[in-house]
Amino acid sequence: MTRTRVIALLVPLLLAGCTAKRNPASLSAADSTRGGDSAAIVLQAAPVGHILTYEERQGSVLYAKYCAVCHGKEGKGDGFNAFNLDPRPRDFSDSAYMVALSDGQIIQTITGGGRSVNKSPLMPSYGWTIDRSQIQYVAAYVRTFVYGN
Amino acid sequence: MKPLRATFAIVAVLFLVVLAVSPLKDYLREWKKYQTGYNSLVAGLPQRVKPVDIGIRQVWVQKLDRVDRCVTCHLGVKEPALHAALEPYRTHPRIYHDVDDLGCTFCHEGQGAATEYRESVGNVKYWDRPILPRAYLEASCAKCHRENDVPGAPVLNLGRKLIRESNCAGCHRLEAYQKQWIPALDGIGEKVNRTWLVAWLKHPKAYAPSTKMPDFLLSDEEAGTLADFLLSFRTFPREAVLDPLPAALTSPGDAQKAKLVELGATKFREARCISCHPINGKGGYVAPELGKIASKVGEQWLYNYVKQPKRLQPGVLMPRYRFSPEELAGVVAYMESEFVDYDMEKPAPHTPDPGFYEKGRALFKKYSCGGCHGLPGMARAEETGPDLSAIGAKKLYEIDFGRSGIEQTLPSYLKTKLLTPHVFGESMKMPQFGFREDEAEAIAVALLGNTGDRIPPDLIVPATPQSAFAPQGEFGKLVDDLACLGCHVMNGRGRLVATDLSLEAGQARRTWIEGYFKIPYSLRPVLTERMPNLFLSDGEIKTLVDYMETSFIADTLEHAVPSDPTAAAIGRGLYYERYGCQSCHQIGAKGGYVGPPLDKLAVRLTPGWIFHWLKNPQGLKPGTIEPNNNLSDAEADALAAFLLSLK
């Protein structure tokens, strides 16, 4: 009788031994990101002290070269040339405005310039200067200013 | 009977259990959980994303001999709909390479064949190339992009620039990096005084924060002996002898001296010395600090050097200014009176210890000074430091972490070694360069790319061949004497601090270039570097411009721009209303100041250049931030006509 008890004990132990190697990586976080509104997802996933992704880092280099003269290093629309412009360049740290703006609108503005979205023609078009993926990098980086990087 | 049956029963049950273990183990594999997680994730997406069949997935890259099973869990790598998902399902960022083409571990490192998280990351025994941390990832670009800058890899590019500037190749074997030109020490005994030299050797950055000379952490005794040794070298290259100081500098009256200093101050300003030289940290960055120069070098040396820089230091990129004898004396008198270090103790007479020469020579060898500086009678030291041509594949057990207490990985070792070499042991000969943390990281990135791996030749990006352009004749002599290639590029030769001159005569009008040599001005108000006034004679200017007019041109730039007022009126509309050019350019003091002002443009530029520039700015100056507006020929003509009509 004692032997059967031993077996009864052994079986779950063996099973436990097999399962212990599993890595308890949480899948719940990944599950929560489904849904269509990408801006909302980015806001959710990236708290203050946001670490730049690869695309955003690529964008930051291009932004510093092409955009910062007017839009400012911090994206506040206060580059050294901003004060010669009327209307003033867009402030990218304005989170209320940026959340309402879709990725497509940002990419269109960079590609076709202000005139292509019925805004000021003072914003030039870069669609023939940098390639499409570079424009997407810049668009991704422009979104990071709302975190106050 | 009974015990036998019981034993049989136990063995049978045990047998069953053992049989069950294997399928159970397989059922509970780590990656299966990720795959089912992926399927439930994509099922909930509004977009249609195909779920995956459960099973090991892999990328086989035959040419690199790699099998990477990373895609077993990283299932969304090629699925754009998952760009906002969390890892391991997120889309791979858009890069210029394809995962089917290069696989994963070729860039990321790690153990590609592993199917468990811990093993694939590679921080396990018997796997020497663990996954590269994010900050060091650009290292892998260097495997194929061996020499040229990589667009999109700013950290790697910075690291390479720092390796070149710091002349790491002076002591280490580093393929693809050439030794830099650094002044030889011939005649140093006639140049500097001992008090300054001892202080400099002990702590170079105290005198000139911008210097590239590292700190060898010498003791007082070592610095003194090395200084005595160096000061015994008193002959200049090619047997040059210092000219005596003119009478105006040796015995001036008080009134005469004040006048001389005043003239010198004016000329020092007009020559724009601070375009290249910093003064107490402010000014240019391509030449040495001048803030305390009078306490460093002797007056006679300074006079001779400003007079003919290349005579004392062949190869230096300092132009020979065309000062008159009086102006030259004035500039020297001004520098002697202005740039003095009042805190430095007065140079006192000093008798070196006996045997200083041998001891100093040993120190010169020990610290491998000859890796950078030439010295007569001493062979230039070759690679006295460790070979770094395969440092990226160094195995962890080969590294002595000493008592540094840092994280035991190769990237952290390299970074710490660059920041504070001496934490790995007192006897380390590597000097302290005073890098910032991000600079040390960038250099580590560039070094980690030297893996010594065998790369298929078709993947290696060939380096741009070095231009063999060497101007000859009178023009060539002037280019050498004025060190034009120190700042300008001509047909691929030179350093791009200022503009590329390869098409200068096709771009600018002759009269404008001539006037610019007389009074150089900055086209853009926000630029820091400025063209120096070299005080050239009319004959020299003619030689320079004549050469440009025959060589720095291109037939393709010729174009006739219509001159009728209707075209100009259309151009005005395009300028202000459609393309908003005024956001960067000024006309009549109205507009932005990113680009140059456009008033009187017809005086400066040729019509053909304006037209072709408007059509494709990057075609003429790669990397310019002027956007290409994709203008039609008619639009470019109209805009050019408007710009040429500006008075």
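Parameters and conventions
- Residues numbered from 1 in each chain as written.
- Chains lettered and ligands numbered in written order.
- Predicted model: local features only at pLDDT ≥ 70, side-chain atom pairs only at ≥ 80, totals over all residues.
- Heavy atoms only, no water.
- Helix = DSSP H or I, 4+ residues; strand = E, 2+ residues; numbered from the N terminus.
- Rg over C-alpha atoms; globule rule 2.2 N^0.38 Å.
- Buried < 20%, exposed > 50% of the residue type's maximum accessible area, 1.4 Å probe, protein only.
- Contact = heavy atoms within 4.5 Å.
- Phe/Tyr/Trp six-rings, centres within 6.5 Å; stacked < 30°, edge-to-face > 60°.
- Salt bridge = Lys/Arg side-chain N within 4 Å of Asp/Glu carboxyl O.
- Axes fitted to C-alpha atoms, helices over the stretch in contact; angles between N-to-C directions.
- Parallel < 35°, antiparallel > 145°, perpendicular 65-115°, else oblique.
- Left-handed = near helix turned anticlockwise from the far one by under 90°.
- Nonpolar A, V, L, I, M, F, W, Y, C, P; charged D, E, K, R; others polar.
- Expected span 1.5 Å × (residues − 1).
- Arc of directions from axis to C-beta.
- Domains from an automatic or database assignment.
- pLDDT = per-residue confidence, 0-100.

**Comments concerning the overall build of chain B**
Helices and strands together make up the secondary structure of chain B, namely 27 helices and eight strands. Computed over its C-alpha atoms, the radius of gyration of chain B comes to 33 Å, more than 25% above the 26 Å expected for a compact globule of 647 residues. Reported as C-alpha extents along the three principal axes, the dimensions of chain B are approximately 130 × 85 × 40 Å. Taking all 647 residues of chain B together, the buried fraction comes to 47%. Here the contacts in chain B between residues at least 6 apart in sequence split such that 61% fall between residues at least 24 apart.

**Some thoughts on the overall build of chain A**
Per the secondary structure count, chain A includes seven helices and zero strands. Mapped from its N terminus to its C terminus, chain A presents α and β elements in the order α-α-α-α-α-α-α. Out of the 149 residues in chain A, the part that is buried amounts to 41%. In chain A, the proportion of contacts linking residues at least 24 apart, taken out of those at least 6 apart, comes to 50%.

**Structural notes on the packing of aromatic side chains**
Residues and elements named next belong to chain B. Here the structure, examined in full by the defined rule, presents 37 aromatic pairs over all chains. Ring plane angle 10° and centroid distance 5.3 Å describe the contact between Phe433 and Phe435, whose orientation is recorded as stacked. On the accessibility criterion, Phe433 (14% relative accessible area) is buried. The exposure class of Phe435 is buried, given its relative accessible area of 13%.

**Notes on the pattern of salt bridges**
All names here are of chain B. Tallying each qualifying case throughout the model produces 36 salt bridges over all chains. The partner of Lys267 in a salt bridge is Glu270, and the shortest N-O contact between them spans 3.1 Å. With Lys267 and Glu270 both in helix α12 (residues 254–270), this residue pair falls three residues apart, about one helical turn. Residue Lys267 is classed as buried on the basis of its relative accessible area, which comes to 11%. For Asp633, the salt bridge identified is with Lys615, shortest N-O distance 2.6 Å. Pair noted here: Asp633 is in helix α27 (residues 633–644) and Lys615 is in helix α25 (residues 607–615), with a separation of 18 residues, a long-range link. Residue Asp633 is classed as partly exposed on the basis of its relative accessible area, which comes to 44%.

**Quick word on the packing of helix α8 (residues 194–202) of chain B against helix α10 (residues 220–231) of chain B**
Residues and elements named next belong to chain B. For the pair α8 and α10, the least separation of the axes is 9 Å and the interaxial angle reads 130°. Relative to α10, the element α8 is oriented oblique. Relative to α10, α8 is oriented so that their crossing is right-handed. Along the contact surface, α8 presents Arg194, Leu197, Val198, Leu201 and Lys202, while α10 presents Asp220, Ala223, Gly224, Leu226, Ala227, Asp228, Leu230 and Leu231. Among the residues making up the contact of α8 with α10, the classes are represented as eight nonpolar, one polar and four charged.

**Examining the environment of Pro386 of chain B**
Residues and elements named next belong to chain B. Here Pro386 lies in the loop between α16 (356–366) and α17 (410–419). Residue Pro386 is classed as exposed on the basis of its relative accessible area, which comes to 55%. With 236 residues separating them in the primary sequence, Pro386 and Pro622 have C-alpha atoms 38 Å apart. Not counting residues within four places of it along the chain, the set of residues in contact with Pro386 comprises His172 and Arg173.

**Some thoughts on helix α23 (residues 565–578) of chain B**
All names here are of chain B. For α23, spanning 14 residues, the distance from its first C-alpha to its last is 19 Å, which sits close to the expected 20 Å at 1.5 Å a residue. Those residues of α23 that sit buried are Ala567, Ala568, Gly571, Leu574 and Tyr575. Buried positions in α23, seen along its axis, are confined to an arc of 115° and lie on one side of it. Exposed side of α23, more than 90 degrees from the buried face: Pro565, Thr566, Ala569, Ile570 and Glu577 are the residues found there. Downstream of α23 by one or two residues, Gly580 has phi in the positive range, about 55°.

**Quick notes on the domain arrangement of chain B**
In terms of domains, chain B is made up of domain 1 (30–131), domain 2 (154–179 + 385–459), domain 3 (473–553) and domain 4 (565–644). Its C-alpha centre places domain 2 of chain B at a distance of 47 Å from the equivalent point of domain 4 of chain B.

**So, the environment of Phe469 of chain B**
Residues and elements named next belong to chain B. Mapping Phe469 onto the fold places it in the loop between α18 (437–448) and α19 (473–481). Residues Phe469 and Arg493, spaced 24 residues apart in sequence, show a C-alpha to C-alpha distance of 6.2 Å. Phe469 has contacts with Met490, Asn491, Arg493, Tyr547 and Phe552, leaving out every residue within four places of it along the chain.

**Considerations on the confidence of the model for chain A**
All names here are of chain A. When pLDDT is averaged along chain A, the result is 75, and 66% of the positions lie at 70 or above. The least confident element of chain A, judged by mean pLDDT, is helix α2 (residues 28–31) at 36; the most confident is helix α6 (residues 103–112) at 94. When the criterion is pLDDT under 50, residues 9–47 qualifies, and its contacts beyond four places in sequence or with other chains add up to 44 contacts.

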